[in-house]
Amino acid sequence: MRRKLIAGNWKMNGARASIAELSKLEGLHPDPASEILICPPVTLLAAFEGKTSIPLGAQDCHWETGGAHTGDISAEMLKEAGAQAVILGHSERRTDHGETDADVARKTEAAWRAGLLAIVCIGETEAERDAGETLTVIRQQLQVSLPQGATAENTVIAYEPVWAIGTGRTPTLDQVAEVHDDIRASLEGRLGAEIAGGIRLLYGGSVKPANAAAIFEIANVDGGLIGGASLKAEDFAGIVAAAETQRSP
Ligand code: 13P
């Protein structure tokens, strides 16, 4: 059985005082069939470490362990700051910083090296969907962004259609199912059914308490990567509650 994962991506939001919001999530998940993770900005990751029992993650890392890379942070540094996981290849990183699939692969290897769970993000733009290229784009991103060596323990894949992020728009349930089924099939082709069957596939993009249950019911959806709705404990708790009524196979 795959444990549902509900991961909050705070993006560039929050302050030290946000520990109060995080504290509201303490003891939120009594159901062992699901787990939660909050990925705050890296300054808050360090500030929150030791002050919460909520598992924490980061939003990006450099592929090197250290060196002359002004402004960058290594996976080892994130680990030392308290991260258990790191989001990689988010579309905002790809757009704002020109990250390529090859960059994401190097970062994923770095995350594994440091003992972090890599949450590898992929997703099509609206133009690509309109052109009927969604599955081609997703397969290509997955193929290149994910290096050899992925397992259920070190990797989670997040499908985030770019046009659904922060827009209030979501794909239809059939569209989500189609992409998630295809990702599972690609992983099976590459890793074999056993390893592929353990890797969790998250959906991200305008997930709210109101739509979460229907999305999490989809067979190959093993949780969510939550942006805006992760900033308020009440909304995030509503999404976690939606996951807890579900069971992945
Ligand atoms: P929203 O939930 O705000 O649409 O953001 C999704 C996202 O980008 C999570 O990584």
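This text follows the structure it describes.
Right, let's walk through the structure included here. These numbers were taken from a predicted model, which means no experiment stands behind them. (Residues numbered from 1 in each chain as written. Predicted model: local features only at pLDDT ≥ 70, side-chain atom pairs only at ≥ 80, totals over all residues. Heavy atoms only, no water.)

**Some words on helix α7 (residues 134-145)**
Here is the rule: By definition, any uninterrupted DSSP run of H or I lasting at least four residues is a helix, any uninterrupted run of E lasting at least two residues is a strand, and each is numbered from the N terminus. Helix span is expected to be 1.5 Å times the residue number reduced by one. Buried means the residue's accessible area, taken with a 1.4 Å probe over protein chains only, is under 20% of the maximum for its type, while exposed means over 50%, and partly exposed covers the values in between. Taking the helix axis as origin, the arc is that swept by the directions to the C-beta atoms. Note on definitions: a residue-residue contact is assigned when non-hydrogen atoms from the two residues lie within 4.5 Å.
Taking 1.5 Å per residue, 12 residues should reach 16 Å; α7 reaches 16 Å between its end C-alpha atoms and fits that length. Considered for burial, the residues of α7 that qualify are T134, L135, V137, I138, Q141, L142 and S145. Buried residues in α7, looked at end-on, bunch into an arc of 160°, giving them a common side. Buried positions along α7 lie against α4 (91-97), α5 (101-114), β5 (117-122), α6 (126-130), β6 (155-159) and α8 (173-191).

**Topic: the pattern of salt bridges**
Let me state the cut-off plainly: One side-chain nitrogen of Lys or Arg within 4 Å of one carboxyl oxygen of Asp or Glu is enough to make a salt bridge.
Enumeration according to the criterion identifies 16 salt bridges in this entry. D222 is the partner of R2 in a salt bridge, and the nearest nitrogen-oxygen pair spans 2.9 Å. Taken as a pair, R2 in the segment before β1 (4-9) and D222 in the loop between α10 (209-216) and β8 (223-226) lie far apart in primary sequence, 220 residues in all. On the basis of relative accessibility, which here comes to 0%, the residue D222 falls in the buried class. Across the pair R93 and E99 runs a salt bridge whose closest N-O atoms are separated by 3.0 Å.

**What to know about the pairing of strand β7 (residues 200-204)**
Quick reminder of the rule: A pair of strands is treated as paired once DSSP finds two or more bridges between them. Crossovers are described as right-handed under a simple rule: with the strands pointing away from the observer, the path leading from the first strand over the helix to the second runs clockwise.
Taken across its 5 residues, β7 has 5 buried, putting it largely inside the fold. Burial along β7 is two-sided: the face carrying R200, L202 and G204 and the face carrying L201 and Y203 are both buried. Pairing of β6 with β7 involves 4 bridges; the strand directions are parallel. Bridge pairing in β7 links Y159 to Y203. Sheet analysis places β7 next to β8, joined by 2 bridges and oriented parallel. In the strand pairing of β8, Y203 is matched with G224. Read from β7 through α10 to β8, the crossover connection turns out right-handed.

**A word on the packing of α7 against α8**
The condition that has to hold: In this analysis, axes come from line fits to C-alpha atoms, helices being fitted only over the stretch in contact, and the angle between any two N-to-C directions falls in the range 0 to 180 degrees. An angle below 35 degrees is read as roughly parallel, one above 145 as roughly antiparallel, one from 65 to 115 as roughly perpendicular, and any other as oblique. What makes a crossing left-handed is the near helix being turned counterclockwise from the far one by less than a right angle; a clockwise turn instead makes it right-handed. Throughout this entry, Asp, Glu, Lys and Arg are counted as charged residues, while Ala, Val, Leu, Ile, Met, Phe, Trp, Tyr, Cys and Pro are counted as nonpolar. The remaining residues, Gly among them, count as polar.
Closest axis-to-axis distance for the α7/α8 pair is 10 Å, and the angle between their directions is 40°. The angle between α7 and α8 places the two elements in the oblique class. Two packed elements cross with a definite hand, and for α7 against α8 that hand is right-handed. Across the interface between the two elements, T134, L135, I138, R139, L142 and Q143 of α7 pack against E178, V179, D182, I183, S186, L187 and R190 of α8. Class assignment of the residues belonging to the contact of α7 with α8 gives a composition of 6 nonpolar, 3 polar and 4 charged.

**Digging into the packing of aromatic side chains**
To keep things clear, this is the line we draw: A pair of aromatic rings is counted whenever rings of Phe, Tyr or Trp (Trp by its six-membered ring) have centres within 6.5 Å, and the orientation is called stacked for planes under 30 degrees apart, edge-to-face for over 60 and tilted otherwise. Consider the ring centre and the ring normal. A charge sits over the ring if Lys NZ or Arg CZ is within 6 Å of that centre and within 35 degrees of that normal.
A full pass over the atoms with the stated rule returns 2 aromatic pairs. Centre to centre, the rings of W10 and F48 are 6.0 Å apart; their planes meet at 80°, and the pair counts as edge-to-face. Of this pair, W10 sits in the loop between β1 and α1 (19-23) while F48 sits in helix α2 (residues 42-48), and the two are 38 residues apart along the sequence. Like F48, W10 is buried. The ring of W63 carries the charged tip of R106 above its face, separated from the ring centre by 3.6 Å.

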